[in-house]
Structure formats: structure tokens, C-alpha cells
Amino acid sequence: MLFRHRFSYVLFLFIFGWASLPAQEDTTSLRELADANNFFIGAAVYTYHLDTPGHEATLSREFNMLTPENEAKMCEVQPRRNQFDFNRLDELVNFAEANDMVIRGHTLLWHQCMPEWFANGDFSREEAIGIMRDHIMTVVGRYKGRIRYWDVVNEAIDDNSQMRQTPWQQFIGDDYVEIAFAFAHEADPDAILFYNDYGAEGLNAKSDAIYAMVSDLVERDVPIHGVGLQGHFTVGDTRNWVSPTNLGANIDRLGELGLEVQLTEVDFRHDGDASDDILELQARDYYSITHTCLINPHCTAVVTWGVSDQFTWLRNSNLGFFNNPNVEPLLFDEEYDAKPAYHAVADAFREELGLDPVTEFATGNDATETEIAVNIPEPTKSDALQLAPDSVGGAVYYAAFPIAIVLDGNTDDWVNIPRVTVTDGPTLPMDNDTALTFAVAADNDNLYFLAEVQDSQIVYGNYTTSEWYREDSVEFYLNTTGDLEATAYQAGIAQIGIMAANLAQPESLLYGGNNSDQSQVSAIVVESSGGYVVEALVPLETGFWSIKPAHMETIGFQTHLNGSSGTDRDTKLIWSIFDVADQSYNNPSLFGRLVFWDVNE
Ligand code: 9MR
């Protein structure tokens, strides 16, 4: 049996490794390469970082565009009503002009960094429109002809793809957006005016909502000229929802409205330390999004949200979830040395100029299409008593059936059902002592999942089920649709995470995960000598899926372990070899395979 997997170029990475790449010898700067492509490469800048040795020099050498990270936000420029403070924004505008950099003004209206006098005020529609007009006319007017691009409205659509309920929206109504664009246009008719948002880079419900909103604005001749796609990504995203196809299609449809598109706040976060493997994947991601933007005539800029990894908002995020003191999401390391991602971006530029690449990343869109063949040997049992064959790496698990299992936390009925132990994953603490040993079986009614977790320190009780994955928990994933290449969750595909917190014997099961509420999962969690045991079942026939165990019948399967030793997850173990960047919760095509094995055959 030979099975091919679309995303498995990752294996290639592990085999050859970054260290084997040739030395990076080309000293042409990113800025020179971008200029030659008639394209913007930018960075967000926070005035407080300018004094750090290397910061200014790197900025002026490598970037031809600059975004004030915070200095143009309303809480900074108008902290009290009608009292404007432009000192720090002036500093950045002067710096940019002295270094011949184009400026993206960010941002006029946003629900964060909103001064208290306004956020906590009580204004009529007319008063709020007056305040908006004063603010926009004063800020945009001051820099007329000097700030070329403005993010007029930032993040007006919420995560449910509805108009976000912000003070602007509440005082004025949904038309605050078009009113803001009209004022900005009045203040500087030559400025290029953008709507900017996150989580809407590829094709999804939120980008659909933004597309609908800006289509309507364009149709009604509101002076909007572009859409900024922020690009706060996770390593591995370009194999998934911001694949060249998805990102390219979104840019295309916005471009067809006559709008300019820019990637305005790019960074690629990851859990834990930045291993060489993560930095390689990140470099591929940077190459992918830069290439996709560069080859699209509507896309004119890639702006990274900072310069050096030491000054990233992700190390100090007010969104606690993203906080990772070790994250390395940008193009330059703490010493301002260029990272693999830097060379990958440079190669995207070189490729378009017909120059030789210095990395192996410049392979066009092919990177995500590469296939690798996993050779599956004839099923064999290394132990004659085994009820199913040996599994194959993190690719195939043979699930014995029919087996009678009782959900009681006692594993005697799992005797002779093959176990697989997972000790590796993208996030591992030093001296990791956590291991996940799992098994799967079925009878005529249910599919059963067993996890025997070795864990010296069971941690639970810090999170509710909405953030179940941040403390000790075990996940299993099933794709029963028959479409094992499916890249999105749909009926028949579920991620089921069972919390160790069930040890406290709650009245109802504590669990979470994508579509898990439709899986009709039951589970029991009991303590064991070295950790804990999760025994779970899902019915084979529900309104959500129909699983029919038959000899050699295949479904998609994956299992993860989340471990915590304190306040947050610090361990992530993953079975499927195709999921190197913890993306199974987004992308079911990264699962491995579960093959049913009839014990009577
Ligand atoms: O990186 C910015 C951080 O320094 C600020 O504290 C924060 C609040 O003003 O804003 C961060 O930048 C955000 C940007 O303005 C809009 N998109 C999301 C960015 C990260 O939160």
C-alpha cells in the first residue's frame, strides 16, 4: 500500500536540515531587492526602540516602508479632548523622510488604544461625528502629502464576522466607517485610504464579510482604496488557510474591486522555543506569503510587525494567549542578524528578478504541492498475540474490531490491542517526562479511544472548557467523511479534547475541540500510577457521522497531548507525522490514517 500526502515536504526538511544549506553570501539588502521589484517591504516601528544599537541601521538599510506601531493611534495623539500630541509621530515621520521610506499611517479609528474621554463618554451621533471629523482632519491634515497610506478604520468586523460593537459604532451606527473614509479623503485627497483587519487573509467567513463590506463601499463611491491584511500568522499557516491558493484568491477578489492590497502586520508566531525546524518552516511561510503578494499585481507591500525578535508584541501581548517570551516571529534575531526567514523573503524578490536564490525556498507555489510517498508495508504483527498489526510511524494505526470494551477506566479489556507511544511534538519542556500511549478499537456500536498518559505532575483546574487545551488534556481527531484531503472542518470531522480536570469527577464531562459537541463523546478519566488514563467512546452512527468498521476500511485519525506544569500549556505531543506545527485543529488533511482490522479475518 502506498499513500501519498500533499503536505509532507516537511519530511524533506527534517532529512536535509537547515545546516546543510549553502552560506548566504549575497549582501544585496531586502530594500534594494524590493525597490527593483517596485514593491514595498516595511516594518512597524516603535519610537522607544530606535535607540537600540542596530535598530535604526537595520530599518534604513532593509526597509523602504515604515508603519508607526502605536504613535498614530488615537490614545497617543489625542489623549485628552482637543489636546493633540504629535511629538512621537513627528519623530517617526522625520526618520522615514530622512531615510526615504514611504509611511503607512496606522490607524485613525480602532476600538483599542481609544482615549478614555471618548470610550467612556456619552455622545450623540452628531457629537461623535464632530469628534471624528476633528480627529481625522487634524491628524491626516497635519501630514498631508507626507503620509502616503492611512489605515482609516482598523478591525471593524468582529470574530463572528459581524460589525464590531465599538464606541464609534454605538454612538454613530454602522455608517461610521464610510463617514471616516470621507473625512480622511477630505483631509488629504491624495492619501491612499485602507481598511485593515486580522484573521481575514485567506478565504473564510471573516474575509467574506470584509469583502462584502468593502464591495458595498466601492459600489457607493466611498473613497476607499485598499484593504490591509494584517498577517499575524502561526508557523505552518501557509500549508493551510493562507496557502498560496487561498491568499491569492482573496487578494484577487479584492483587487478586482479596484482595491490595492497590502500585508500590513506580518509575523509568524509559534509555541515554545524556536527550534531550527520551526525557523525553517517559518522561512517557508515567509517565502510563501511574500511570493503570493509579489506576483499579484494588486498586492503592493509586505510589512512585518517589528524588526528584531526582541521587540515583538507577541512577547508581551495583552492577549495572554499569544504570550510567549521565547517567540521569534520576525526577520531579524535579537542581535539584528538576518534569520532564515529574511533570506527566504529576499529569495522571493530575487526570483522575480531572475537572480539565483540563496536558499532552497524559492520554488514558486510548488512548495505546498510537493508530495511524498509513505511506503506502507504489508500489515505484520510483531507479536503473535496482537489483535491488529503494528502501526506505521505516525502515519497508520490499525484498529482492532469487534472488541467489547467497557468504559470504566480499567484497561484489562484492552489486552492485546496494539499500543503506540508518542513522546515528540512541537513544544517540549527541558527533560520532558510526559508520554502519550494510545490505542483504538471498535465494536458494533462505538469507536473506543484509550490514552495512558505518563505525567509526573497532573495540572488542571486553571481553565474552563473554552480553553481546555491550555492544561493537561488528551485529544483525538476523526475524519469520517472519506475525503482525507479535506482542509477544513465540516460534518463528519471532529477534534475531541478530554480534560484531565475530569479526574475531579464533575457532573458533566469537561471536553472541547472543533465539532466535539456533535460527537456525542463519553469518557472517563482516572488516575494511574504514573499519570492518568482517558477512556473514551463515540457512537458509530449519529446525525453527525456514520462510521462503518470493515476490514481495511480507512478513516482520518490523529491524537495529541497537551501538558501543563503551571499556568499554561508547556508540552504538546503529536502523533501524525504530517502535523509538525500543531495545525490539526484547523486542517484535517494533516491527520494520519486509522485502518480498521477485523480480528476474525
Ligand atoms: O504592537 C502593538 C502594541 O505595541 C500595542 O500595545 C497594541 C495596542 O495599541 O497594538 C499592537 O498592534 C496591533 C495593531 O495596532 C493592530 N493589529 C493588531 C496589533 C497587535 O495587537
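Okay, so let's go over this structure. (Residues numbered from 1 in each chain as written. Predicted model: local features only at pLDDT ≥ 70, side-chain atom pairs only at ≥ 80, totals over all residues. Heavy atoms only, no water.)

By the criterion of burial, strand β6 (residues 192-197) is predominantly enclosed, with six of the six residues buried. Here β6 shows two buried faces, one formed by Ile192, Phe194 and Asn196 and the other by Leu193, Tyr195 and Asp197. Here strand β5 (residues 149-154) pairs with β6 via five bridges, running parallel. Within the sheet, the bridge partner assigned to valine 153 lies in β6 and is tyrosine 195. Pairing of β6 with strand β7 (residues 226-229), which is carried by four bridges, proceeds in the parallel orientation. In the sheet register, asparagine 196 faces β7, and the bridge partner there is glycine 228. The parallel pair β6 and β7, bridged by helix α10 (residues 205-219), forms a crossover whose chirality is right-handed. (Buried < 20%, exposed > 50% of the residue type's maximum accessible area, 1.4 Å probe, protein only. Helix = DSSP H or I, 4+ residues; strand = E, 2+ residues; numbered from the N terminus. Pairing = 2+ DSSP bridges. Right-handed = clockwise from strand over helix to strand, strands pointing away.)

A few words on the pattern of salt bridges. Taken as a whole, this structure holds 23 salt bridges when the rule is applied. Two residues, arginine 220 and aspartate 216, come together in a salt bridge whose shortest N-O distance is 3.0 Å. The class for arginine 220 is partly exposed, based on a relative accessible area of 41%. We note a salt bridge from arginine 419 to glutamate 452, for which the minimum N-O separation is 2.9 Å. (Salt bridge = Lys/Arg side-chain N within 4 Å of Asp/Glu carboxyl O.)

Burial within strand β12 (residues 396-401) is extensive, with six of its six residues counted as buried. Side chains Val396, Tyr398 and Ala400 of β12 all project onto a buried face; the interleaved residues Tyr397, Ala399 and Phe401 project onto the opposite face, where all are buried too. Pairing analysis gives six bridges linking β12 to strand β23 (residues 592-598), with the strands arranged parallel. Looking across to β23, one finds that tyrosine 397 is bridged to leucine 594.

What follows covers the packing of helix α11 (residues 244-256) against helix α12 (residues 276-294). Packed helices, taken two at a time, are described by their axes: the angle between them and the distance between them. Contact geometry for α11 and α12: axes closest at 10 Å, N-to-C directions at 35°. In this structure, α11 meets α12 at a crossing whose hand is right-handed. Residues Pro244, Leu247, Gly248 and Ile251 of α11 lie in contact with α12, whose contacting residues are Ser288, Ile289, Thr292 and Cys293. The residue inventory of the contact of α11 with α12, partitioned by class, reads five nonpolar, three polar and no charged. (Axes fitted to C-alpha atoms, helices over the stretch in contact; angles between N-to-C directions. Left-handed = near helix turned anticlockwise from the far one by under 90°. Contact = heavy atoms within 4.5 Å. Nonpolar A, V, L, I, M, F, W, Y, C, P; charged D, E, K, R; others polar.)

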